[in-house]
Amino acid sequence: LDLKNSFAYKKADSKFIGQAQSMNFMSVVDSYVKAEPYSEFCRVAYIYENKALARSCFRGLEALKSPGTAEKDILSAAVDALEFTYLYPPNPRKDLNKPYIVQNSWPIESSDELTPDDLAALIGKQQAALPAAVVIRLVLLESPGKRQESKVEFTKTVALPLGLR
């Protein structure tokens, strides 16, 4: 739900930063005061390190600080692999046969296929926007630490309603 509720912070800087094993973005989350629900904005971070998947929520002014401070919630300590990839629509004049272009970071960091000017323009465009979708590949250890350790793999594509179209 964090991704579905993501939004661009401001016109020139969406604050969406994605790598292969981590992601930071602005989102609207549900919070509670004395059992009363309310919505607030925060910066959500998902990080995979040391075989664990953690989520942090930077609330209020902490959301605008980099790196900021927030408690990490460990979502799973039995993760064998995690991979985020980012999708955006192709240029309709150049890439007629591609439904989406896939990249391993957001915004793009480098490209062998683009001229330096085209790469700079794409980086600027992506810094100001959200990807169209994020593909999440998660491999969990079913019986961590046991002799017969098995793995379960999940892949989910999450379309971002406010992402590039």
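Owing to the predicted nature of the structure, the values given are computational and were not obtained by experimental measurement. (Residues numbered from 1 in each chain as written. Predicted model: local features only at pLDDT ≥ 70, side-chain atom pairs only at ≥ 80, totals over all residues. Heavy atoms only, no water.)

Asker: Could you clarify how one ought to interpret the pattern of salt bridges in this entry?
Answerer: If the charged atoms of two oppositely charged side chains come close together, the side chains can form a pair. In total, this model carries seven salt bridges according to the counting rule given. The residue Asp2 makes a salt bridge to Arg55 at a minimum N-O spacing of 2.7 Å. Of the two residues, Asp2 is situated in the segment before strand E1 (6–7) and Arg55 in strand E5 (residues 52–59); the sequence distance between them amounts to 53 residues. When sorted by exposure, Asp2 lands in the same class as Arg55, which is buried. The salt bridge involving Lys51 is made with Asp80; its shortest N-O contact spans 3.2 Å. Separated by 29 residues along the polypeptide, Lys51 in the loop between strand E4 (36–49) and E5 and Asp80 in strand E7 (residues 79–88) bring together distant segments of the chain. We classify Lys51 as partly exposed; its relative accessible area is 39%. In the salt-bridge network here, residues are joined through shared partners; they are Lys51, Asp80 and Lys151. (Salt bridge = Lys/Arg side-chain N within 4 Å of Asp/Glu carboxyl O. Helix = DSSP H or I, 4+ residues; strand = E, 2+ residues; numbered from the N terminus. Buried < 20%, exposed > 50% of the residue type's maximum accessible area, 1.4 Å probe, protein only.)

Asker: Looking at this structure, how should I read the packing of aromatic side chains?
Answerer: Each pair of aromatic rings is reported with the distance of its centres and the angle of its planes. Evaluation of the coordinates by the stated rule reveals four aromatic pairs. Note on Phe25 and Tyr46: the rings are 6.4 Å apart at their centroids and 20 degrees apart in plane angle, and the pair reads as stacked. Of this pair, Phe25 sits in strand E3 (residues 22–33) while Tyr46 sits in strand E4, and the two are 21 residues apart along the sequence. Members of the aromatic cluster, connected to one another through ring pairs, are Phe16, Phe25, Tyr46 and Tyr86. (Phe/Tyr/Trp six-rings, centres within 6.5 Å; stacked < 30°, edge-to-face > 60°.)

Asker: It is not clear to me how the sheet that holds strand E10 (residues 151–159) should be interpreted in this structure. Could you clarify?
Answerer: One open sheet holds the four strands; their spatial order is E8-E7-E9-E10, and the pairing between them is antiparallel. The open sheet has two edge strands with one neighbour each: strand E8 (101–103) and E10. With strand direction ignored, the average angle separating the axes of adjacent strands in the sheet is 20 degrees. Where strand E9 (residues 133–141) and E10 come together, nine bridges link them in antiparallel fashion. Opposite Leu141, over in E10, you have Lys151 as the bridge partner. (Pairing = 2+ DSSP bridges. Axes fitted to C-alpha atoms, helices over the stretch in contact; angles between N-to-C directions.)

Asker: Explanation requested: the pairing of E7 in the structure shown.
Answerer: Residues in a regular strand point their side chains to alternate faces of the sheet. Among the 10 residues in E7, eight count as buried, and that is most of the element. Pairing of E7 with E9, which is carried by eight bridges, proceeds in the antiparallel orientation. When the sheet's bridge partners are listed, Val79 is paired in E9 with Leu140. With three bridges joining them, E7 and E8 adopt antiparallel strand pairing. Considered in E8, the bridge of Tyr86 is made with Gln103.

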